[in-house]
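Residue-level listing of the chains:
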Amino acid sequence: MRKEILWLVFILHAAVSAFPQKPDHFGPFRVVCLNPSTPVKDQYKTNTCWSFSVVSFLESELLRKLKDTFDLSEMYFVRNVYEKKAEKYFRMHGTISLSGGGVLNDVMDAVPAVGVVPEQAYPAGRTGGSLQDHTLLDKTVKSFMETLVNNQVAFTDTAWKSKFSALLDDWLGEVPDHFSWKGHYYTPLAFRDSLGIEPSHYIVLTSFLHHPWYSEFSVEVPDNWNWASAWNVPLDELEQTVRHALSYGFTIAWAADISEPGFDWKNGMAYLSGEPVPAYAGQSAGAQDESCDKISLPSQEPFVNQLFRQKEFDRYATTDDHAMHIIGMAEDSTGRVWYIAKNSWGSRGTKFNGYLLVSGPYFRSKTISILMPKEAMLYELKRKLNLTK
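Here's a quick rundown of the structure. Residue positions are counted from 1 within each chain, in the order its sequence is given. For this predicted model, a pLDDT threshold of at least 70 governs which residues receive local features, and a threshold of 80 or more governs which side-chain atom pairs are given and counted, while totals over whole chains, interfaces and linings are taken from all residues. Calculation of side-chain values draws on the structure's entire complement of heavy atoms; hydrogens and water are dropped beforehand.

Notes on the overall build of the protein chain
Filter applied, for reference: Numbering of helices and strands starts at the N terminus; helices are DSSP runs of H or I of at least 4 residues and strands are runs of E of at least 2. A simple rule labels every residue: compare its accessible area, found with a 1.4 Å probe on the protein chains alone, to the largest value its type can have, and call it buried under 20%, exposed over 50%, or partly exposed in between. Should any heavy atoms of two residues lie within 4.5 Å, those residues are counted as being in contact. Only the protein chains shown count as cover for residues, and all accessible areas are computed by the Shrake-Rupley method using a 1.4 Å probe.
In terms of helices and strands, the protein chain carries 11 helices and 13 strands. With 389 residues in all, the protein chain has 56% of them scored as buried. Here the contacts in the protein chain between residues at least 6 apart in sequence split such that 77% fall between residues at least 24 apart. For the protein chain, the exposed area adds up to about 16500 Å²; of that, 53% sits on carbon and sulfur atoms.

Structure, rendered in structure tokens:
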């Protein structure tokens, strides 16, 4: 997503330590639930958080269902989705966004056609190994497609797709037709089936006033290049079903805005800042607690209801910046709920080794969309969306 690179340049990256572990404590926060997840990875200088967050989510799903650890390839989806983006850009005469960014839907939309592969079958070695840099790749892709749509002769050249595919092969590597995994040969589709990954078992939810409740719409953000849809539900119901899912061992892929001053990656916190306003039940103000690891908790955050959230989105204060993986919940000393998010910016130089505590108001205000298992939703919400059959 577009602005996440701006944040990355402020982070001093080093080689990611081999399979860093979750922190054994979160300072003054009491862990309520911390669901199984794979180690933190580092997307480095790429706009591919959409793939890293959803792949991490799928890896947690495999831990939950198969009780086994898998390291799936993020770049496999990046490679395949880039071809679809280029096709859409061509058909729209270059009038839509074309970048490395994307939305939570992109991986699940790709899985039925291209399957899934492990990291070893499609490693991220062409663009820097574990520290990838897609800056020049993204510029090369954009230049290639701009030349194509601006050149009338090129419209008769049916070979452009193969040329574009060759470009991606050169940068990211050729897509494998088959590969060996633990003594067996698989195609990407066969590997997907062996893992039991079924995209129809998952749902994308959002919450905005400018569309009817309990209906689908294409979330209007620049990185939604494929006009992918999400189900629109009231904010309270969205948060309730997220807390329900986390409480029962599920995890959530999360797309959100990170441009707020209170998004403090180094210190592992994200909260809303601003002028003090009356707090509300469940998020009451509390004194700053610096007794544990010298973390200063926000004493007060804005009241976030549906209208507040909508105004932030309408004035472009909430934008599609980044995607992460929510794996649990914690409470501070006042009883306020915080979400535990696994990021994809590596683990070095951060207080919680690559994990982040996200306040309830921040989640309510800055969420663009979430991806979750349908089975983890509250029954009443599934009923309203006609998903109970």
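Moving on from the coordinates now.
Considerations on the pattern of salt bridges
Filter applied, for reference: The working definition used for a salt bridge is a side-chain nitrogen of Lys or Arg within 4 Å of a carboxyl oxygen of Asp or Glu.
Summed over the entire model, instances satisfying the criterion amount to 22 salt bridges. A single salt-bridge network, built from bridges that share partners, covers Lys41, Glu59, Asp71 and Glu74.

Focus on helix H6 (residues 160-172)
In plain terms, the rule: Residue count minus one, scaled by 1.5 Å, sets the expected span of a helix. The directions considered for the arc are those from the helix axis to the C-beta atoms.
Spanning 13 residues, H6 covers 18 Å between terminal C-alpha atoms, matching the ideal 18 Å at 1.5 Å per step. Inspection of H6 places Trp160, Phe164, Ser165, Leu167, Leu168 and Leu172 among the buried residues, and these make up the whole buried set. Buried residues of H6 fall within an arc of 155 degrees about the axis and therefore sit on the same side. If you follow the buried residues of H6, they end up packed against helix H3 (74-91) and helix H5 (135-150). Remark: Gly173 follows H6 within two positions and exhibits a positive phi of approximately 105 degrees.

Thoughts on the nonpolar core
Our working rule: Residues enter a nonpolar core if they are buried and are Ala, Val, Leu, Ile, Met, Phe, Trp, Tyr or Cys, with the set joined through side-chain atoms within 4.5 Å.
Among the nonpolar cores identified, the biggest contains 64 residues, and Leu72, Phe77, Val141, Met145, Phe191 and Leu371 are the most heavily contacted of them. When neighbours within four sequence positions are excluded, Met145 is seen to be in contact with Ala86, Tyr89, Phe90, Leu98, Trp160 and Phe164.

A closer look at the side chain of Asn343
Rule in force here: Throughout this description, a polar contact denotes any pair of N or O atoms lying within 3.5 Å of each other; where both atoms belong to protein, one of them has to be capable of donating a hydrogen while the other can accept it, and for residues adjacent in sequence the pair is counted only when both atoms sit in side chains.
Positionally, Asn343 belongs in the loop between strand E11 (337-342) and strand E12 (355-359). On the basis of relative accessibility, which here comes to 2%, the residue Asn343 falls in the buried class. A polar side-chain atom of Asn343 sits 2.7 Å from a polar atom in the side chain of His322.

A few points about the packing of aromatic side chains
Spelled out, the test is: For Phe, Tyr and Trp, rings pair up if their centres lie within 6.5 Å, where Trp contributes its six-membered ring, and each pair is then called stacked (planes under 30 degrees apart), edge-to-face (over 60) or tilted (otherwise). For a ring to carry a charge above it, either NZ of a lysine or CZ of an arginine must fall within 6 Å of the ring centroid while also lying within 35 degrees of the normal to the ring plane.
Considering all chains together, one arrives at 19 aromatic pairs under this definition. Centroid distance Phe179 to Phe191: 5.5 Å. Interplanar angle 80 degrees. Geometry classified as edge-to-face. A residue pair is termed long-range when its members are at least 10 positions apart, and Phe179 in strand E2 (residues 179-181) and Phe191 in helix H7 (residues 188-195) qualify at 12 residues. On the basis of relative accessibility, which here comes to 7%, the residue Phe179 falls in the buried class. Judged by its relative accessible area of 1%, Phe191 is buried. Seen from their ring centres, Tyr339 and Phe363 are 4.7 Å apart, and the 40 degrees between their planes marks the pair as tilted. Residue Tyr339 is found in strand E11, and its partner Phe363 is found in helix H10 (residues 360-366); the two are separated by 24 residues along the sequence. Judged on exposure class, the residue Tyr339 and its partner Phe363 are both buried. A network of ring pairs unites the aromatic residues Phe70, Phe179, Trp181, Tyr186 and Phe191 as a single cluster. The ring of Phe208 has Arg309 sitting right over it, with the charged end atom 4.3 Å from the ring centre.

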